Amino acid sequence: MAAVIPRRVYYSVYAILLGLVLLTWGLSYLHLSHPLSVSVALTIAIVKALLVVLFFMHVRYSSWLTWVFVGAGVAWMGHILILTMSDYLTRGIVSGW
Amino acid sequence: MESTAVTQHAHYLNVRYGLRSWLLTTDHKRIALLYLVSITFFFFVGGVAATLMRLELMTPQGDLVQSETYNRLFTMHGIIMIFFFLIPSIPAVLGNFLVPLMIGARDLAFPRINLLSWYVFDLGGVFTLVALIAGGVDTGWTFYTPYSTVYSNGYVVLTVVGAFITGFSSILTALNFVVTIHTMRAPGLTWFRLPLFLWSLYATSIIIILGTPVLAISLVLVGVERIFHVGIFDPTLGGDPVLFQHLFWFYSHPAVYIMVLPSMGVVSELITCFARKRPFGYTFIAFSSIAIAVLGFFVWGHHMFVSSQSVYASMVFSFLSMLVAIPSAVKVFNWTATLYKGAIAYDAPLLYALGFIGLFTMGGLTGIFLAALAVDVHVTDTYFVVAHFHYIMVGGTVMAYLGGIHYWWPKISGRLYPEGWAKFAALLVFVGFNLTFFPQYVLGYLGMPRRYHTYPDEFQVLNVMSSAGASILALGYVIPLVYLLWSLRYSPLAGPNPWEATGLEWQTPSPPPTDNFAVTPVVTQPPYAYDTQEEEAPVG
Amino acid sequence: MAEQRTALAQKTALAHQFDDLAQQHEASNLGMWAFLLTEVMFFGGLFVSYTVYRTAYLAGFIAGSQHLNVLLGTLNTAVLLSSSLTMALAVHAAQEGHTRLLSRFLLLTMFLGLVFLGIKGYEYALEYHEGLVPALNFAYTGLHAPQVKLFMIFYFVMTSLHALHMLIGLSLLTVLAILAWRRRFSTTYHTPVEVIGLYWHFVDIVWIFLYPLLYLVG
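If you're wondering where the values come from, they're calculated on a predicted model, not measured in any experiment.

What counts and what doesn't
- Residues numbered from 1 in each chain as written.
- Chains lettered and ligands numbered in written order.
- Predicted model: local features only at pLDDT ≥ 70, side-chain atom pairs only at ≥ 80, totals over all residues.
- Heavy atoms only, no water.
- Helix = DSSP H or I, 4+ residues; strand = E, 2+ residues; numbered from the N terminus.
- Rg over C-alpha atoms; globule rule 2.2 N^0.38 Å.
- Contact = heavy atoms within 4.5 Å.
- Areas by Shrake-Rupley, 256 points an atom, 1.4 Å probe, with all protein chains shown as cover.
- Lys, Arg positive; Asp, Glu negative; His and termini not counted.
- Charge placed at Lys NZ, Arg CZ, Asp CG, Glu CD.
- Expected span 1.5 Å × (residues − 1).
- Buried < 20%, exposed > 50% of the residue type's maximum accessible area, 1.4 Å probe, protein only.
- Buried area = accessible area lost by both parts, 1.4 Å probe.
- Salt bridge = Lys/Arg side-chain N within 4 Å of Asp/Glu carboxyl O.
- Polar contact = N/O pair within 3.5 Å; in protein donor to acceptor, adjacent residues only side chain to side chain.
- 1 Å grid on protein atoms, 1.4 Å probe; cavity = no way out; pocket = protein on both sides within 12 Å on 5 of 7 lines; lining within 4 Å.
- Points joined across faces, edges and corners; volume = space filled by probe spheres on them.
- Nonpolar A, V, L, I, M, F, W, Y, C, P; charged D, E, K, R; others polar.

Caption draft 1: View of the overall build of chain B. A tally of helices and strands in chain B yields 15 helices and 0 strands. The C-alpha radius of gyration of chain B comes to 23 Å, within 12% of the 24 Å expected for a compact globule of 540 residues. For the C-alpha atoms alone, the extent of chain B along its principal axes is close to 70 × 45 × 45 Å. In chain B, the share of contacts with a sequence separation of at least 24, taken over all contacts with a separation of at least 6, comes to 83%. Accessible surface, chain B as shown: approximately 19500 Å² in total, 70% of it carbon and sulfur. Computing the positive centroid from 22 side-chain charges and the negative centroid from 25, chain B places the two 10 Å apart.

This is the structure:
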């Protein structure tokens, strides 16, 4: 059955998550230039999501099959994004095409 | 011969009687039959639309229906046949019935969710039928924006709600199959001892889980834009109508593999049984199902070659589309090799399977024509495309579905079907099908566009051939409906394994008891152990 | 007495199609993960659409984002993360068999969820007062107005879809709370708590991505 994770793990993860929220909010006041600002914000979001997935959703302690499912979700999300953007990013590269 | 004797043992059909015992059942076998009734109903509704279309197309002028009406007919034909017949057919009928039996389980993982999926399916069907009766929708089953969101005069919202709801039915079935196959296999039933039908259903379920939600969100966005008159596909806001096509086809291309993969699984079962041989290259066939499922998600842009999609993206999609043909070809070669030097029995299920192999191959090859960018520019939106997908969907999937229904009929009903009539109907379907759809390849190549109710005079002969073929095809579909129902009362009892086939489903009585197996089977043999079967005295 | 009730609950907890509780637990877990996969792709379609337009209209999206209330958005992010903590603690309590603690954490999670929805509703009211709701009263005529409108469409569609999922989550938590109150859960059977917890965390993760993409553009 599922592993029982000690509560202090949850509290530590929560503290980090709150810290990351404050960090993101604080960074937004710096008005960083465009590619940097979104990269930083998304990176922090990914870290938060990873913490929730691994610890709150117990994936760190789950079977390899669960890892496959989670991996499939990430992969497919990435896939639809990349292949769709490949259309929009390559339109109009050569005039008339 | 006990043609009218009452079956002696208790089984899932006679364990309880009454409407409530059917409408509140959680038995996967009864739910399969509930689905059988629903999808057969929708098949004939979609068939009526097709009949009216083919009648109109007998003459070059638009004299039977107005163009508005014709648009609604082909839209409804597409929506009903795809969402309410082809996608559910094999998984929800044969899959629901057979998955627990084939893995030695008492039921699926989530029986109540299984029942829920049927009700959800019917709810979606009700919305769509209401839209149809109210006047229908004329956008094509593809709902392209901005026509569907702004200009169409039909019942777009009602119809997309119907399709959205039905998508959940699909998803619930897929969830059930994936979880069941992972967690409830009988002792000794390793993945590589699974029947190939289960590999194909597993692959189908992956596609359903990963693809259907994208259709769902694209339909939501169409609905939002139509209701609120503002949306993300609106060019006046800088929106791109082609974005809808990306979201739509991201699902709808894999959807065609949802429709064809289960039928390939059925064919694998039929070929092995009626050639009495192990499948050639079991592992290759199994993995090719997964390959088709995965690769099928990489090719959707081939529906958008002329849409203003970037040429570079189109080239990538074109190349990938050629690749996806490879695993399908692997299956065709392996089936052929399985038949080679087999002890072939030309029973009706095999006739359907052989028809499948020939017609699917033709449809698949024409898919390569369409994958070639330069060719597609000329034949896209013509009858060439229509012929291509009907060869696969009708010549392929529907034939395999009928083959599977016949093959497992004894297990489902406890009765044999009349073999003579079945062979005759199979032949009618094959002849009618080719007469209907082969001329459409020619018509398309000559330039006749699809979705038009009029055409230049020089195309009439081919159109008349096509319509004549359709009438033969229709007859071929009605005849099994009659004799299968007849067989329930008047046919001889089947016994547990009339085909002497391998597979756990044949190790239990026909029809099976509610819990499928008196004792959970233990699997020790490889699958399709036909060569180690001992010769038994012929049955009957 | 409590032990007898728990044993009875456990006996009836095993569904007939499963061989044992462990198989049932594994199946339920996998089933929820498979469902969450569909939710990833459902929201994924929206995220892809958003990305397409943000790449094309960065200035317009920046302009649009500046009309959102970052303070409230940040606060809501903290609220939702807190609700994930309480949900994880609820699962922990269920695993340890602490029924009363389980009930308390479930109620706390629900309360935080309601706070989130309340703040969201308040934000919607603010946006309505500023005339930023497409199809209702969109009145912005400044620079990049059409793309600001496009941005606001994304904002309302994505956050209301998220809110709908929160409402569904709250209903599921209500059912859980009732079942917990009726002592249906124990150390050997608490699968619904875990499985609905997974759903709740997922809804939180959607918001974790919505927050920077909607509130922190530029």
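Caption draft 2: Seen up close, helix 7 (residues 191-215) of chain C. Here helix 7 of chain C spans 36 Å end to end across 25 residues, near enough to the 36 Å set by a 1.5 Å rise per residue. Extensive coverage of helix 7 of chain C is indicated by the burial of 23 of its 25 residues.

Caption draft 3: Molecular detail of the interface of chain B and chain C. Tallying the contact residues gives 36 residues for chain B and 32 residues for chain C. For the pair chain B and chain C, the two sides together bury roughly 2800 Å², of which 75% comes from carbon and sulfur. The largest share of the area that chain B buries against chain C comes from Arg106, Ile217 and Leu237 of chain B, three residues that together contribute 20% of it. Joining chain B to chain C, the criterion identifies 1 salt bridge. Among the ionic pairs, Asp19 of chain C bridges to Arg106 of chain B, the shortest N-O distance being 3.1 Å. Inspection of the region where chain B meets chain C yields 9 residue pairs in polar contact (both at pLDDT 80 or more).

Caption draft 4: Broad picture of the environment of Phe459 of chain B. All names here are of chain B. In this structure, Phe459 sits in the loop between helix 14 (419-446) and helix 15 (460-490). Taking C-alpha positions, Phe459 is 34 Å from His246, a pair spaced 213 residues apart along the chain. In contact with Phe459, not counting residues within four places along its chain, are Leu443, Leu446, Gly447 and Met448.

Caption draft 5: Seen up close, the environment of Phe233 of chain B. With respect to the helices, strands and loops of the structure, Phe233 of chain B is situated in the loop between helix 7 (196-228) and helix 8 (241-275). In sequence terms Phe233 of chain B and Phe244 of chain B are 11 residues apart; their C-alpha atoms lie 6.9 Å from each other. For Phe233 of chain B, the contacting residues outside a window of four places in its chain are Thr145, Leu221, Val222, Glu225, Gly239, Asp240, Pro241, Leu243, Phe244 and Leu247 of chain B together with Tyr53 of chain C.

Caption draft 6: Layout of empty space enclosed by the protein. Summed over all chains, the structure comprises 3 cavities of 30 Å³ or more. Space inside the largest cavity adds up to approximately 150 Å³. As for the largest cavity, its lining consists of 17 residues, and the residues nearest its centre are Ile87, Pro88, Thr166, Ser169 and Ser170 of chain B. At the level of secondary structure, the elements contributing two or more residues to the lining of the largest cavity comprise helix 3 (67-103), helix 6 (156-183) and helix 7 of chain B. Looking at the lining of the largest cavity residue by residue, the class counts come to 11 nonpolar, 6 polar and no charged. What lines the second largest cavity is Thr24, Leu27, Ser28, His31, Leu32, Ser37, Val40, Ala41 and Ile44 of chain A together with Leu216 and Gly218 of chain C. Put simply, the parts of the chain that give the lining of the second largest cavity at least two residues each are helix 1 (7-28) and helix 2 (34-56) of chain A. When residues of the lining of the second largest cavity are assigned to their parent elements, the largest contribution, 4 residues, is made by helix 2 of chain A. The class makeup of the residues in the lining of the second largest cavity is 6 nonpolar, 5 polar and no charged.

Caption draft 7: Structural view of the layout of surface pockets. In this structure, the second largest pocket spans a volume of roughly 1700 Å³. Along the wall of the second largest pocket there are 50 residues; nearest its centre are Phe110, Arg112 and Ile113 of chain B together with Met32 and Val195 of chain C. For the lining of the second largest pocket, the secondary-structure elements that each account for two or more residues are helix 4 (111-134), helix 6 and helix 7 of chain B together with helix 1 (2-13), helix 2 (21-56), helix 6 (145-181) and helix 7 of chain C. Looking at side-chain class alone, the lining of the second largest pocket contains 35 nonpolar, 12 polar and 3 charged residues.

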